[in-house]
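Here is what each chain is made of, one letter per residue.
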Amino acid sequence: MATIPTDAIAELRSKSRGQVIVPHDATYDEVRSIWNAMIDKRPAVIVRCAGKDDVPVAIRFARQHGLDVAIRGAGHNIAGNALCEGGLVIDHANMKGVTVDRHTKRAYVEPGATLADVDAAAQAHGLAIPVGINSTTGIAGLTLGGGFGWLTRKHGMTIDALVSADVVTADGRQLHAGHSENDDLFWALRGGGGNFGVVTRFEFQLYPVGPEVTAGLIVFPAAQSRQVLAGYRGYVESTPEEFTTWVVMRQAPPLPFLPASVHGTDVLVLAVFHAGAQAEGQKLIAPLRGWGTPVGEHIGAMPYVQWQQAFDPLLTPGARNYWKSHNFTELSDGLFDAMIEYAGTLPSPQCEIFIGLIAGAPNRVAPDAMAWGHRDAKYVLNVHGRWDTPSDDDKVIAWTRAFFKASQPFASGGAYVNFMTEDESGRVENAYGANFARLQAIKRKYDPENVFHHNQNIKA
Ligand SMILES: Cc1cc2nc3c(=O)[nH]c(=O)nc-3n(C[C@H](O)[C@H](O)[C@H](O)COP(=O)(O)OP(=O)(O)OC[C@H]3O[C@@H](n4cnc5c(N)ncnc54)[C@H](O)[C@@H]3O)c2cc1C
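K.L.:
Which parts of the structure should I look at to understand the site of the ligand?
P.N.:
Around the ligand, 34 residues are found, and the nearest of them are G73, G75, F148, V199 and Y416. Measuring from an oxygen atom of the ligand, one finds a backbone N or O atom of I133 at 2.9 Å. Here a nitrogen atom of the ligand and a backbone polar atom of V199 are 2.9 Å apart. Relative to its free-state accessible area of 950 Å², the ligand is covered by the protein chains to the extent of 97%.

K.L.:
Help me understand the sheet that holds strand β8 (residues 162–168) in this model?
P.N.:
Strands in a sheet are paired, the pairing made by backbone hydrogen bonds, and the direction either parallel or antiparallel. Ordered in space as β5-β6-β10-β8-β9, the 5 strands form an open sheet in which the pairing is antiparallel. At either end of the open sheet lies a strand with only one pairing partner, and these are β5 (98–101) and β9 (174–178). Taken over all neighbouring pairs, the strand axes of this sheet differ in orientation by 15 degrees on average, direction set aside. Where β8 meets strand β10 (residues 198–205), 6 bridges bridge the pair, whose relative direction is antiparallel. Bridge pairing in β10 places V168 opposite V198. Most of the contacts of helix α4 (residues 115–123) go to β5, to which it runs at about 30 degrees, and overall it touches β5 and β6 (106–109).

K.L.:
Would you mind going over the packing of aromatic side chains with me for this structure?
P.N.:
Pairs of aromatic rings are described using the distance from one ring centre to the other and the angle between the two planes. One pass over the full model with this rule turns up 18 aromatic pairs. Arranged with centres 6.1 Å apart and planes meeting at 25 degrees, the rings of W150 and F273 form a pair that is stacked. With W150 in the loop between α5 (139–145) and α6 (152–155) and F273 in strand β14 (residues 266–274), the pair connects residues that are 123 residues apart, well separated along the chain. Using a relative accessible area of 2% as the deciding quantity, one classes W150 as buried. Residues Y235 and W291 carry aromatic rings whose centres are separated by 5.8 Å and whose planes lie at 75 degrees to one another, so their mutual orientation is edge-to-face. A residue pair is termed long-range when its members are at least 10 positions apart, and Y235 in helix α8 (residues 225–235) and W291 in the loop between α9 (278–289) and β15 (296–303) qualify at 56 residues.

K.L.:
Looking at this structure, how should I read the sheet that holds strand β12 (residues 212–221)?
P.N.:
Pairing is antiparallel across the open sheet formed by 7 strands, whose spatial order is β15-β12-β14-β13-β17-β18-β16. Edge positions in the sheet fall to β15 and β16 (320–328), since each has one partner strand and no second. Pairwise comparison of adjacent strand axes, ignoring direction, gives a mean angle of 15 degrees for this sheet. Examined bridge by bridge, strand β13 (residues 243–251) and β14 share 9 bridges and lie antiparallel to one another. Bridge assignment links Q251 to a residue of β14, and that residue is D266. Here α8 sits on the sheet in contact with β12, β13, β14, β17 (352–357) and β18 (379–387), set at roughly 160 degrees to β13. Docked against the sheet, helix α11 (residues 333–343) engages β13, β14, β16, β17 and β18, running at close to 145 degrees with respect to β17.

How each quantity is defined
- Residues numbered from 1 in each chain as written.
- Predicted model: local features only at pLDDT ≥ 70, side-chain atom pairs only at ≥ 80, totals over all residues.
- Heavy atoms only, no water.
- Near = heavy atom within 4 Å.
- Polar contact = N/O pair within 3.5 Å; in protein donor to acceptor, adjacent residues only side chain to side chain.
- Areas by Shrake-Rupley, 256 points an atom, 1.4 Å probe, with all protein chains shown as cover.
- Pairing = 2+ DSSP bridges.
- Helix = DSSP H or I, 4+ residues; strand = E, 2+ residues; numbered from the N terminus.
- Axes fitted to C-alpha atoms, helices over the stretch in contact; angles between N-to-C directions.
- Contact = heavy atoms within 4.5 Å.
- Phe/Tyr/Trp six-rings, centres within 6.5 Å; stacked < 30°, edge-to-face > 60°.
- Buried < 20%, exposed > 50% of the residue type's maximum accessible area, 1.4 Å probe, protein only.

This is how it looks when you write it as structure tokens:
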């Protein structure tokens, strides 16, 4: 680890309004811990910013002392890019402000906010941004990589709702990026990850949602997977975009609405969501039950914010995680064969294979409108390798990779940078496809020395 002179740290402290944390500080281990327990990096210094003006101070300090820079939102990225070994981390945990203007339907969001912070502030006015499905995820990393969840069919990707961003670039300049100012930077930020600078404020378009939605789970025995998947394929794309259904194949967690005999058995779960009139939602849900014989169901009207937190108990920090994903324009029998085979050999009780449905609004945007260009993707499949014990690392990682490979022939190509693990840097060009060359040019303009490289790195 680089040794930084004590007087330099003292000077950094005097220039920052936030906290400057170094390895001998009592809070160091807590502050450097992130969601994926496989990541154990020890930065030389963590600047927990109090506001946007701390960011250029931190960047200049890192450059002056030859330190790598990592940028942290809520620390959910499974590759662990929120941290860097021996470098400087720009940490936004104390910048969680969310301001909503209900008249213009705009939200102004600081980069340390979680989805729970954003949802709560927006729902106070009956509004929402299309974000992800786990409320402890950070809005910053999620947005910069793309962002999708229950509202995506209707309202698009999170980046589709991004109106502008304030950014600190590698040379310490504070820029505004939007359609009429630094539009190249704005284009790159919408999917290009943390490659171009540190975002200190996001401006989003809000949409009316809820506050009550109809949502829940229908659980089938895994033995009925093929018929349920066939029903799913034939139905979901034709439904109104207020409605979505995701598929999850895993072992049944001990949910109270499931009989004890089902707990721990292999199941296929349909997670359903409707943002509209309850009677209409129930009508759309009804056919799903006929695809098999459910072993349990829990569906009803609930506040949108409650559904946004429904999966949090299954996605707590502290477990080991290794994920991979593909995009799909259609669901083929070959994919179903692979899913059924690998869901039949789950290497730990927490592993799962899921399909998220995004067909709808995202497909109506041009592929070159912004950095994230997979506008033909209708489904995103993610294989979650998740387990507790380091001795299981090889077993679970091997299973995850094998399923990824088996499902690859049926995928539409491309990749989602927010679901990439550390060992996937070779897929970055593939993740951006035809937009990669333009991203490289913008990288050369705003970060020619690749100061921001602890990410799915765009090498210019
Ligand atoms: C449990 C779980 C559920 C998830 N569910 C979904 C989902 O439903 N939909 C979905 O789309 N994704 C989902 N994801 C993936 C998620 O979008 C990524 O993990 C994302 O990187 C998380 O953002 P973060 O701010 O929490 O992460 P961090 O690890 O803090 O940041 C990730 C990266 O983003 C960049 N970054 C962060 N903040 C800034 C900033 N202020 N300026 C510039 N760059 C920055 C940096 O490169 C950083 O390394 C999920 C992840 C987890 C772990």
